There are 2 protein chains.
Amino acid sequence: MSTFSVFVLFFSRISWISNIIVVVSPENIETMKSIIEKYGHKRVMIVKGGITRHRSIFNGLKVFVENEFSNHLLQKPEVVIIHDAVRPFVEEDILSKVVMAAKEHGAAGAIRPLVSTVIASAADGCLDHSLERARYRASEMPQAFLFDIIYEAYQQCTDCDLDYGTECLHLALKYCKTNAKLVEGTADLWKVTYKRDLYAAESIIKDNLSQQVCVITDMKEAVAQIGFLLHESLKSQVKVEAISISLSRNDSHLENIFSGQCYNFVCINDKKYAIQETQQLVDMLEKSNLPLLYPVVLISMHLDISEDISFSIGMEELTRIKKFAGEMKKKNILVYGLLIQYKDHLVLQETVNSAAALIMALIKDRNPELIGQLLVA
Amino acid sequence: MSTFSVFVLFFSRISWISNIIVVVSPENIETMKSIIEKYGHKRVMIVKGGITRHRSIFNGLKVFVENEFSNHLLQKPEVVIIHDAVRPFVEEDILSKVVMAAKEHGAAGAIRPLVSTVIASAADGCLDHSLERARYRASEMPQAFLFDIIYEAYQQCTDCDLDYGTECLHLALKYCKTNAKLVEGTADLWKVTYKRDLYAAESIIKDNLSQQVCVITDMKEAVAQIGFLLHESLKSQVKVEAISISLSRNDSHLENIFSGQCYNFVCINDKKYAIQETQQLVDMLEKSNLPLLYPVVLISMHLDISEDISFSIGMEELTRIKKFAGEMKKKNILVYGLLIQYKDHLVLQETVNSAAALIMALIKDRNPELIGQLLVA
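Everything numeric in this text was worked out from a predicted model, so none of it was measured.

## With respect to the domain arrangement of chain A
All names here are of chain A.
Here is step 1: You can read the domains of chain A as domain 1 (2-193) and domain 2 (204-376).
Here is step 2: Measuring from the centre of the C-alpha atoms in domain 1 to the corresponding centre in domain 2 gives 42 Å.
Here is step 3: Carbon and sulfur atoms supply 76% of the area that domain 1 and domain 2 bury against each other, a total of about 630 Å² over both sides.
Here is step 4: On inspection of domain 1 and its partner domain 2, the count reaches zero salt bridges.
Here is step 5: At the boundary of domain 1 with domain 2, the tally comes to zero residue pairs in polar contact (both at pLDDT 80 or more).
Here is step 6: Sorting the residues of the side of domain 1 that touches domain 2 by element identifies α1 (2-12) and α2 (29-39) as the ones contributing at least two each.

## A look at helix α3 (residues 53-62) of chain B
One turn of the α-helix equals 3.6 residues, which is why residues spaced by three or four share an orientation.
All names here are of chain B.
Here is step 1: By the criterion of burial, α3 is predominantly enclosed, with eight of the ten residues buried.
Here is step 2: Buried within α3 are the following residues: His54, Ser56, Ile57, Phe58, Asn59, Gly60, Leu61 and Lys62.
Here is step 3: Here the buried face of α3 lies against β1 (20-24), β2 (44-48), β3 (79-82), α5 (147-156), α6 (159-164) and α7 (168-176).

## Some thoughts on the relation of the copies chain A and chain B
Here is step 1: Of the transformation superimposing chain A on chain B, the axial component is 0.0 Å and the angular component is 180°, with the fit at an RMSD of 0.1 Å. Both copies of the chain, as the preceding transformation shows, are related through a two-fold rotation axis.
Here is step 2: A share of 100% of the interface residues of chain A reappears at the interface of chain B, consistent with the copies meeting face to face through the same patch.

## Description of the pairing of strand β6 (residues 127-130) of chain A
All names here are of chain A.
Here is step 1: Alignment of strand β5 (residues 117-121) against β6, held across three bridges, turns out to be antiparallel. Paired with Ser121 across the strands is Leu127, a residue of β6.
Here is step 2: What sits between β5 and β6 in their antiparallel hairpin is a turn of five residues, with Gly125 showing a positive phi close to 80°.

About the criteria used
Residues numbered from 1 in each chain as written. Chains lettered and ligands numbered in written order. Predicted model: local features only at pLDDT ≥ 70, side-chain atom pairs only at ≥ 80, totals over all residues. Heavy atoms only, no water. Domains from an automatic or database assignment. Buried area = accessible area lost by both parts, 1.4 Å probe. Salt bridge = Lys/Arg side-chain N within 4 Å of Asp/Glu carboxyl O. Polar contact = N/O pair within 3.5 Å; in protein donor to acceptor, adjacent residues only side chain to side chain. Helix = DSSP H or I, 4+ residues; strand = E, 2+ residues; numbered from the N terminus. Buried < 20%, exposed > 50% of the residue type's maximum accessible area, 1.4 Å probe, protein only. Contact = heavy atoms within 4.5 Å. Least-squares fit on C-alpha atoms with pLDDT ≥ 70 in both. Pairing = 2+ DSSP bridges.

Listed below in structure tokens is the structure:
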């Protein structure tokens, strides 16, 4: 169901989409309702799915024509986009391309080159013939249609079409003589089908979430210096926002960063385990609603400015960080500790580079099992 | 190139395969040679690839007939298997299926259901017609052929076939009137094509490597008890081999585990940072050649049996673990530290469960940036 919520959020951010109809199987309607409520989505209507793909899509279209599903009819759109929840990485660009093409041609759909040769088998399970790969394409989603065309096509469908068919472009051609315009899509439109696709989707989401990091320091000299060096070390790998603030003030810069979809924060402070200061950032994060959809990574970086080589970490303190991280996890914030020793300048650069490597590893993995651990740079 | 080495290892383990011909592009021949030397592969010959897929395959087949590539001709086989390096998760079962089918029918290939509808586009970029998805299949690899059939087919190929064709089954049909038997393959046969496929492949490999863990303890009571509890906690998630040994003896049980392709080891000891004991395991691992192909995870688990609540970890010791882990990384062994406090029995079970969760996270991620860190359960 979480794919649905990512989608709904995505579509509801596109201003030129007037209504979002989410078609879900009957047993998931309540979950979906609570998701939409939780995220405060607007312009979203939930419709009960049918037993096949075509029957579900037809139900979604009926919302604009029949009174069966809602008390007040939604205004009939000029164009409808049809999309699959199993293709979570759609982009606005391809949506507007299929919509423009549908306005002109009546129907349009995204296509991709074939990855494998397509063959026809004979009745005995042997090769009958193979298709010339260059002449064919894979039909993907999204597809867009003039509403009147696709609704007309679904109305004329036989039960056989509705039960065994899968391709909307085919229906528009068969029943409305509309040859859909084919639009080259990007590789991201692939269909999450197998377990390996879930692995790939997880990695892509983690990749997207680790594009940007915000480094927060206070005004103290040692902290600011580390912040500067860390910024330099990180910026070759990731977009870095650096903020020097007193967190107790309500900082509008930080709020801009929240709304800019930054999901990673490094707080540098010279108190060994300044959970209190981190708590203030957590409060601001919670107010921002940022952790609702994806986990936010918060790395609490502690500066040890003692020159003492026999410096040691107490078990009690470690336990305290773990407990704090456990509480934060319930808010979908992953807290990790990172200790850095403030030494002479030559060694310091090396230590900061090592800290940057650990920060990137934590951000990219977003491993919930490692929260509350104190790593040493 | 590492895919190649995984393959060569895989194929060379199958006893009924007599020769392995690796066709590589000219610029990669030297690298491939050094890989084959490094891993000590037998029955492997390297052949220079052509500028297209078909020309490369043809070069591979010529090894058995023409003297161009080697001083002594290899014995011509009855059946050849053709496979792609971009499909790294092939299994012995499908190989033997296509070979058996090729013996009977002259040619055979793995197929998979189509994931998307296949369509033909007209000259104007609009839909011409869509294919009925159920009637078609995606042609995948491996494929197998009677040698005489596929060699004959390649000899008759036109330059146009060799330059623009991709499908071997098609050649066998066109030039030798051989209708290949189609064999249903598993989802694992997919072609690593896009960046997302690399992500998926990496996750699958990590998944495969984290199926089994070996827990090593000595005879001391506290250590043995933790070992037992850890075994109980891990075994619901992973196959666990438990060994109680003195590592200084040459233990054949441990060697069996190495040869059983176990890539994860947890060493429990009651000395705080018993790098010495870990070193002995490392020596045995190196002798086993296990870390040649994939990184081995070695978790050095330290038992703190002091009842002292103010127990602390010194920075000097932390630095020592990091240095040791840095050395081990060069041998492709990823060393992580894990500290567990030995408390009364009730709390102990909980601590061990937390250690098990950390162990699973470390094994599944195999993150090289986190080596040498001391985690606390």
